[in-house]
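Residue-level structure breakdown
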Amino acid sequence: EAGELTGIRGYLVDMTRQQNLEKQLLHAQKMEAVGTMAGGVAHDFNNLLMGILGNASLLRMDLPTDHPYQERLEIIETHVRSGSDLTRQLLGFAKGGKYEVVPTDLNHLIKDNARMFGRTRKEVRIETHFADALGTVEVDRSQMDQVFYNLYVNAWQAMGEGGHLTITTRNVTLGAAEVSAHEIPPGDYVQVSVADTGEGIPAENLTRIFDPFFTTKTLSRGTGLGLASVYGIIKNHQGMIDVESKAGRGTCFHIHLPMVARAEESRHAPASKDSFLRGRETVLLVDDEPLVIQATEGMLTRLGYTLLTAESGQAALALFEGEHAKIDLVILDMVMPDMSGSDTFDRLKAIDPGVKVLLSSGYSRSGQAEAILERGGKGFIPKPFDMATISRKIR
C-alpha cells in the first residue's frame, strides 16, 4: 500500500484442456457443415430413386407373375433399396436426420441387437452389463440399431480372428465442463459403452474416424460412412459420442443420450409389406419434381384413386381453393422452391381446417415435418416409397 514491493503473485494456467476444447469445437462445426451438405445430397438422390422404384413397382403389377422380366424388376427394386439404405446413412449423418422418435429402454434394444449380431459372428464373445432401472431415452429405434450394428461390425473387424466385446449401460450426470464442447446441456444422461479387445486405433486416426468417407479399410469392407453416420445420429439425438483407444489395446466408444421422464412405449408388429390397400377417394399430390409426380401418379391411379397434381405450393393452393370440398387427402412434399411445405400446409389449413395432409420428403421426419405433425399433419412417408408402402400410409 505504501508503494513498496512486498511480494510477487503469479498464475500458472494449463492450456491443454482449453486447446482440446477448441479442437472439439472446430471438429463439431466442420461436421455440422458437412452434415448440411449430406442432407441435400440425400434429398436429391432419394427423388431419383423414387422415380425408379415407382416405375419398377408399376411394371411388376402390369406383368404376369410368371413373366421373365419379373425377376429383373425385383433385382432393380433390391438395388434401389440398397441405394435408399445408403441415403439413410447420409441422412443419419445430416443435421436433424431422425425419422420416428419414441421413448425407449436401451437395455431392451441392445439386448435384442447384440443377440442378433452374436448369432452371425460366433467368434466374438459378447458380454453385457446392464444397469438396473436404466433411464428412458427418446430415440429413433431403427437408427439406434444402425448405431450399435456399426459399432459391433467395427469391433469385429478390429479383432480379426475373434475377441471380446463388452457392452455396458449406466445412468450418469454430466456437468457443464463435460458437455461444453459438444453443445448439449448438462444433466442426466444414459451412457452406453462399447469396448473391444481389438488392435486399437492409431493416434493419428483418432481425430478423423467420424469424418465422412474416411476409412482405413479396403473398398470391399467399408464405405467410410459407418462411424460418420453413428456420429450424426447421436448428435441429432442431442447426445455425444467419445472414443478411447490405444494401438494394440482395444477401443471403447462412450455414447451419452439425454434421459426423459416418459416410460418406454410398447413395440407393435409392423404391417405386412406385401399388402396393397386400395381406395376410391380423390388425392391432391403436391411435388416440384416431375419424376416423383409421374411415378406416384401411376401408382395411385392403379390403386383406384382419382389424382390431382400440383408442382408448387402456389399451384396447390389455387387448385385446393376451388376443389377442396372433393379432395380427401393431400400428399405434400416438404421441400419446394418459392413456397415451402410448411407455408403451404398453413395456408391449406386456412382454407379448410379439416384438411388431411400426408407429408412426404427425401429428407427425414425431423425439423419442419415434425413441427407440421404437431400442428395437425396426419402422417409422414420418406422417399423413395413403393406401392405397398404408399397404399398403407394413405389408408
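For the structure, see preceding data.
Everything in this summary refers to the structure shown in the same document. This structure is a prediction, so every number in the text was calculated from the model and none was measured. (Residues numbered from 1 in each chain as written. Predicted model: local features only at pLDDT ≥ 70, side-chain atom pairs only at ≥ 80, totals over all residues. Heavy atoms only, no water.)

**Concerning the overall build of the chain**
Scanning the chain from terminus to terminus reveals twelve helices and twelve strands. The buried share of the chain, reckoned over its 395 residues, is 47%. Residue pairs at least 24 apart in sequence account for 76% of intrachain contacts in the chain once pairs closer than 6 positions are excluded. As displayed, the chain has an accessible area near 20700 Å², and 53% of this comes from carbon and sulfur atoms. (Helix = DSSP H or I, 4+ residues; strand = E, 2+ residues; numbered from the N terminus. Buried < 20%, exposed > 50% of the residue type's maximum accessible area, 1.4 Å probe, protein only. Contact = heavy atoms within 4.5 Å. Areas by Shrake-Rupley, 256 points an atom, 1.4 Å probe, with all protein chains shown as cover.)

**Some thoughts on the packing of aromatic side chains**
All told, the structure shown has three aromatic pairs when counted by the stated rule. Seen from their ring centres, Phe117 and Tyr149 are 6.1 Å apart, and the 80° between their planes marks the pair as edge-to-face. Pair noted here: Phe117 is in helix H3 (residues 106–120) and Tyr149 is in helix H4 (residues 141–158), with a separation of 32 residues, a long-range link. With relative accessibility at 46%, the residue Tyr149 sits in the partly exposed group. Pairing Phe117 with Tyr152 gives two aromatic rings, centres 5.4 Å apart and planes at 45°, and the pair type is tilted. In this pair, Phe117 sits in helix H3 while Tyr152 sits in helix H4, placing the two residues 35 residues apart along the sequence. Accessibility expressed as a relative area gives 3% for Phe117, which makes it buried. In this structure Tyr152 comes out as buried when scored by relative accessible area, which is 1%. (Phe/Tyr/Trp six-rings, centres within 6.5 Å; stacked < 30°, edge-to-face > 60°.)

**Quick word on the pairing of strand S10 (residues 329–333)**
Consecutive side chains along a regular strand alternate between the two faces of the sheet. Of all five residues in S10, five are buried; the element is thus mostly enclosed. The side-chain alternation of S10 yields two buried faces, one formed by Leu329, Ile331 and Asp333 and the other by Val330 and Leu332. Sheet topology places strand S8 (residues 282–286) next to S10; four bridges connect them, and they run parallel. Bridge pairing links Leu285 to Ile331 in S10. Two elements, S10 and strand S11 (residues 357–361), share four bridges in a ladder whose sense is parallel. Following the sheet pairing, Asp333 is matched in S11 by Ser360. (Pairing = 2+ DSSP bridges.)

**A closer look at the pattern of salt bridges**
Evaluated as defined, the whole model comprises eight salt bridges. Linking Asp112 and Arg115 is a salt bridge whose minimum nitrogen-to-oxygen distance equals 3.3 Å. You can see Asp112 and its partner Arg115 sitting in helix H3, three residues apart, about one turn around the helix. For Asp112, a relative accessible area of 29% translates into the label partly exposed. We note a salt bridge from Arg375 to Asp346, for which the minimum N-O separation is 3.0 Å. Of the two residues, Arg375 is situated in the loop between helix H11 (368–374) and strand S12 (379–382) and Asp346 in helix H10 (residues 341–351); the sequence distance between them amounts to 29 residues. The partly exposed category is assigned to Asp346, whose relative accessible area is 36%. (Salt bridge = Lys/Arg side-chain N within 4 Å of Asp/Glu carboxyl O.)

**A word on unusual backbone geometry**
Between Lys383 and Pro384 the backbone carries a cis peptide bond, its omega angle lying at 0°. Here Pro384 shows up in the loop between S12 and helix H12 (387–394). We note that Glu183 has phi near 55°; this positive angle belongs to a residue other than glycine. Mapping Glu183 onto the fold places it in the loop between helix H5 (176–179) and strand S5 (187–196). Exposure remark for Glu183: the relative accessible area of 51% places this residue in the exposed category. A positive phi angle, close to 70°, is found at Asp338, a residue other than glycine. Mapping Asp338 onto the fold places it in the loop between S10 and H10.

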